[in-house]
Amino acid sequence: MEKIIQITAGRGPAECTWVVAQVLKKVLEEAQEQQLETVLLQREAGQQNGTVETASIAVKGEYADQFIKSWIGTIQWIGQSQFRKMHKRKNWFIGVFEIEPQKNGAVSENDIQYQAMRSSGAGGQHVNKVSSAIRATHIPTGIAVVSMDSRSQHQNKKLATERLLKKLEDETLQQLKNQVSKQWGNQLNIERGNSVRVFTGSDFKKNKVEKSYKGTRQKLKQDLRNENN
């Protein structure tokens, strides 16, 4: 299972970009502790050293879904501004959002077309007369690569296939990065309050979010009394 999240400061000030950088570290550390694989897909540095405007991470593993859900929402940091020492504000908010991954099926052998061609460049009579080079083309996308490393056509075919698969993987990653860069709506939708996680101080220690159900219980009791009357 693979899940993708975006950590963003929204339109927040430098303090929020510092919080993004800290949360990014926490997410990667926690994922490693839970033996989940992570890939940093995109990272936009903030204006101040050590800060991050926005970052996106792919998380893979059996329990990736539960892990991601524990981070989705508003993250709050309570602390003194690192950049404006006299600033009175103590509460800073950033957002963590899930991004829908692109659906790309596995590459089928039937989607790859191979074409033998003559190698070019130095190599003597053998390269000029024997069609040992191989061009591999992914038919659905038109992406193509050429291998002429070996005199063996079989070896060149193998190398061309490996390169084509790598190029397709890179193309998918680039498309995903482009998709993430378009998620500007996320930058504007950070809700203050109802934080899923709260951190405090310059050492960024996690605070437990205590949720009180007293009001909910009282409302249920009142509704029950109204029904009985």
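All of these numbers come straight from a predicted model, not from anything done at the bench. (Residues numbered from 1 in each chain as written. Predicted model: local features only at pLDDT ≥ 70, side-chain atom pairs only at ≥ 80, totals over all residues. Heavy atoms only, no water.)

(A) A look at the environment of glutamine 174. Structurally, the position occupied by glutamine 174 is in helix H4 (residues 153-181). As for glutamine 174 and glutamine 42, which are separated by 132 residues in sequence, their C-alpha atoms are 9.7 Å apart. (Helix = DSSP H or I, 4+ residues; strand = E, 2+ residues; numbered from the N terminus.)

(B) Quick peek at the nonpolar core. In terms of nonpolar packing, the biggest core is built from 28 residues, with Ile7, Val19, Val23, Val27, Phe67, Trp71 and Ile94 touching the most fellow members. Of all the elements in the fold, those that place two or more residues in this core are strand S1 (2-8), helix H1 (14-33), strand S3 (52-60), helix H2 (64-69), strand S4 (73-78) and strand S5 (91-99). The greatest single-element share of this core, amounting to 9 residues, is contributed by H1. Those residues within four positions of valine 19 in sequence are excluded, and the remaining contacts are Trp77, Trp92, Ile94 and Phe204. Residues Ile112, Ile143, Val145 and Leu168 belong to the second largest nonpolar core, which totals 8 residues. (Core = buried A, V, L, I, M, F, W, Y, C linked by side-chain atoms within 4.5 Å. Buried < 20%, exposed > 50% of the residue type's maximum accessible area, 1.4 Å probe, protein only. Contact = heavy atoms within 4.5 Å.)

(C) Highlighting the packing of aromatic side chains. Taken as a whole and judged by the stated rule, the model has 4 aromatic pairs. Both rings, one in tryptophan 18 and one in tryptophan 77, keep their centres 4.8 Å apart while their planes meet at 55°; by these two values the pair is tilted. In this pair, tryptophan 18 sits in helix H1 while tryptophan 77 sits in strand S4, placing the two residues 59 residues apart along the sequence. Here tryptophan 18 and tryptophan 77 have matching classes, each one buried. A connected cluster of aromatic rings, assembled from ring pairs, spans Trp18, Trp71, Trp77, Phe199 and Phe204. The ring of tyrosine 114 has lysine 157 sitting right over it, with the charged end atom 4.6 Å from the ring centre. Above the ring of tryptophan 71, the side-chain terminus of arginine 197 is found at 3.6 Å from the ring centroid. (Phe/Tyr/Trp six-rings, centres within 6.5 Å; stacked < 30°, edge-to-face > 60°. Lys NZ or Arg CZ within 6 Å of the ring centre and 35° of its normal.)

(D) Geometry of the pairing of S4. Here 6 bridges tie S4 to S5, and the two strands are oriented antiparallel to one another. In the sheet register, isoleucine 78 faces S5, and the bridge partner there is asparagine 91. Examined bridge by bridge, S4 and strand S9 (residues 197-200) share 4 bridges and lie parallel to one another. By the bridge assignment for S9, isoleucine 75 is matched with arginine 197. (Pairing = 2+ DSSP bridges.)

(E) Local environment of the pairing of strand S2 (residues 37-45). With 8 bridges connecting them, S2 and S3 associate as antiparallel partners. Following the sheet pairing, alanine 45 is matched in S3 by valine 52. As consecutive antiparallel partners, S2 and S3 are separated by 6 residues, and within that stretch glycine 50 has a phi angle of approximately 80°, a positive value.

(F) Just the sheet that holds strand S10 (residues 205-207), in detail. Reading across the sheet, the 7 strands line up as S2-S3-S1-S5-S4-S9-S10 and stay open at both edges, with mixed pairing between neighbours. In this open sheet, the two edge strands, each paired with only one partner strand, are S2 and S10. On average, each strand axis in the sheet is inclined to that of its neighbour by 25°, with strand direction left out of account. Contacts between H1 and the sheet are confined to S1, S2, S3, S4, S5 and S9, with S3 contributing the most and set at about 15° to the helix. (Axes fitted to C-alpha atoms, helices over the stretch in contact; angles between N-to-C directions.)

(G) Layout of the pattern of salt bridges. What the rule picks out here adds up to 9 salt bridges. For glutamate 98, the salt bridge is made with lysine 3, and the minimal N-O distance between the two is 3.3 Å. A residue pair is termed long-range when its members are at least 10 positions apart, and glutamate 98 in strand S5 and lysine 3 in strand S1 qualify at 95 residues. Note on glutamate 98: relative accessible area 39%, which makes it partly exposed. In this structure, the salt-bridge partner of glutamate 30 is arginine 197, at a minimum N-O distance of 2.9 Å. Of this pair, glutamate 30 sits in helix H1 while arginine 197 is found in strand S9, placing the two residues 167 residues apart along the sequence. With a relative accessible area of 17%, glutamate 30 lands in the buried category. A relative accessible area of 6% means that arginine 197 is categorised as buried. Bridged by salt links that share partners, the residues Lys3, Asp65, Lys69 and Glu98 form one connected network. (Salt bridge = Lys/Arg side-chain N within 4 Å of Asp/Glu carboxyl O.)

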